[in-house]
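These are the residues of each chain, in order.
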Amino acid sequence: MQIEYVGASTSLGAILGLLIIATAVGPRFSRKTILLLDSAAYVAGFVLVGVAPSYTVCIVGRTILGVAHGVSTMIVPVYVGEISPKEYRGLFISLNTAALNLGLPVGFGLAMILESQHLNVTKWLFVINGALSLLIALNYPDTLSQEEMIEEVNVLIKVFDDNKKAQFKDLFTQRNTLQALVIACVLQIAKQSSGFTALQYFSGYLFRLTGYASGMVGINQLPNLLLGLAQFMMAVGSLLTIDHLGRRRLLLISTVAMAVGLVVLGGSFVILTGFEQINSPRCEGYSRCGSCVLDTKCGWAANMGQCMSQHTSRPTMMDSNSVVLLSDTCHLQSTRDHVGSWMAIVSLIFSLGSFSLGLGSIPWVIQAEMFGQALRSKAGSVAAIANWLFSFIWTVSFLQLAFTITLPAIFWLYAVLLVTTLASVYWKIPETKGKALEEISANISGLGD
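Fair warning: this is a prediction, and the values are worked out from it, not measured in the lab.

1. Observations regarding the overall build of the chain
Logical step 1: Secondary structure summary: the chain contains 18 helices and 3 strands in total.
Logical step 2: Across the 449 residues of the chain, 49% fall into the buried class.
Logical step 3: Nonlocal contacts in the chain, meaning residues at least 24 apart in sequence, comprise 76% of its contacts between residues at least 6 apart.
Logical step 4: Here the chain has roughly 20700 Å² of accessible surface; of this, 67% comes from carbon and sulfur atoms.

What follows is the structure, encoded as structure tokens:
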């Protein structure tokens, strides 16, 4: 369970960060001040993770990073949406997602280089990354002229008056606002029900089952690098098309594509692991390498074609025919293994790439556009909490579900949940491209008509 909570601790931290900003920090500080505080939290989290001497310190560091990430996922789309021209608003909000996806291939590429050179300096990259984020935040420009500042003050006076009147209960007592909030939350739930977070966290774990994560030094990061590149390229495709195709159409394309990818991914693991449940009391009960290495107490003896306990004696002789060589990764042997492995890698990359095309950014874009100024940050906090709550649920339950209902079944479950959840609100989602925020807010009352 430790590996699950390493991933899930970030989601719990994000929920905590959103609760703080919604109740204490958000109403008292400007967007820029919140972003500066958020950058400081990133620094603290990166330092703790980078130098963590124990599992507990690592969890604490990742929780702090979760707090920072939760705040940024809510405040950045709102802030960018408020300062962007309406004809480019979707582009600029999606640019944030594209930048996040750029970090994936950069990170995996650095890991390949460092691993191939046998350099153990990864922890210092965390520290440097945190310091850079704070330096960038400290240099956010203030570029308003005196005349623009006077105009801005007049606008802010009206905003503050509206904010004083707006309360959290208004999200739930006004019918049109409640419907918009339901749409925002369901979009975030659908996004997480696709299994994206779990697939992202455990992609390296899944690649081990395909046999392509155990080759030459450094090469075992190649599938992850390709995955990161695919996500970045699709995120760029999203920001280039979102203001032309529209939010709803791009969301539909992304959803259908990811659902197809998840169905194929499930089929690939039928080949690799079958429908074996990972609960055998004896390792010898597993007939396939994929099922065997999922069970942490077992290892695959490739030279014997058999699953055995990790407590089996390690080799003391060089003759591979007379010793037991156990591995926690699978090695490709038959044509069936090669077909299943390539299906798994391609469909996993395709699924997460399809996610980045629309599902990854459009829920944030839409929720930043549907609400008036007075309720925008409050509604954003509630929707973001829904996002991170379901992120935690699916991350912490992934391996247990995989062990209980099998890997193929969990990918098919994700596909069904994604399609059905999104379908429940798809026809209620307003098309917001090219419209001013105030115009969208004024039209949102028609949602229930």
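We are not done yet, so read on.
2. Details of the environment of Phe 398
Logical step 1: Position of Phe 398 relative to the elements: it lies in helix H16 (residues 373–405).
Logical step 2: Judged by relative accessible area, which is 0%, Phe 398 ranks as buried.
Logical step 3: In the structure, Phe 398 is positioned 196 residues away from Phe 202 in sequence and 8.8 Å away in space, judged by C-alpha atoms.
Logical step 4: In contact with Phe 398, other than residues within four places in its own chain, are Glu 4, Ala 198, Phe 202, Leu 206, Leu 407, Ile 410, Phe 411 and Tyr 414.

3. Side note on the pairing of strand E2 (residues 306–309)
Logical step 1: Two elements, strand E1 (residues 298–301) and E2, share 4 bridges in a ladder whose sense is antiparallel. Among the inter-strand pairings, Cys 298 is bridged to a residue of E2, identified as Ser 309.
Logical step 2: Once E1 ends, the chain turns through 4 residues before running back antiparallel as E2, passing Gly 305 with a positive phi of about 65 degrees.

4. Looking at the nonpolar core
Side chains of nonpolar character tend, in soluble globular proteins, to be buried together.
Logical step 1: The biggest cluster of nonpolar side chains holds 85 residues, and the ones touching the most others in it are Phe 269, Phe 398, Leu 407 and Phe 411.
Logical step 2: Leaving out residues up to four positions away in the same chain, Leu 407 has contacts with Leu 206, Leu 209, Phe 269, Thr 273, Leu 294, Phe 398 and Ala 402.

5. Some points on the packing of helix H8 (residues 175–193) against helix H17 (residues 407–423)
Logical step 1: At their nearest, the axes of H8 and H17 sit 8 Å apart, and the two run at 165 degrees to each other. In terms of axis orientation, H8 runs roughly antiparallel to H17. Regarding H8 and H17, the two cross each other, and that crossing is left-handed. Residues Val 186, Leu 187, Ile 189, Ala 190 and Ser 193 of H8 form the contact with H17, whose own contacting residues are Tyr 414, Leu 417, Leu 418, Thr 421 and Leu 422.
Logical step 2: Residue classes in the contact of H8 with H17 are distributed as 8 nonpolar, 2 polar and no charged.

Calculation criteria
- Residues numbered from 1 in each chain as written.
- Predicted model: local features only at pLDDT ≥ 70, side-chain atom pairs only at ≥ 80, totals over all residues.
- Heavy atoms only, no water.
- Helix = DSSP H or I, 4+ residues; strand = E, 2+ residues; numbered from the N terminus.
- Buried < 20%, exposed > 50% of the residue type's maximum accessible area, 1.4 Å probe, protein only.
- Contact = heavy atoms within 4.5 Å.
- Areas by Shrake-Rupley, 256 points an atom, 1.4 Å probe, with all protein chains shown as cover.
- Pairing = 2+ DSSP bridges.
- Core = buried A, V, L, I, M, F, W, Y, C linked by side-chain atoms within 4.5 Å.
- Axes fitted to C-alpha atoms, helices over the stretch in contact; angles between N-to-C directions.
- Parallel < 35°, antiparallel > 145°, perpendicular 65-115°, else oblique.
- Left-handed = near helix turned anticlockwise from the far one by under 90°.
- Nonpolar A, V, L, I, M, F, W, Y, C, P; charged D, E, K, R; others polar.

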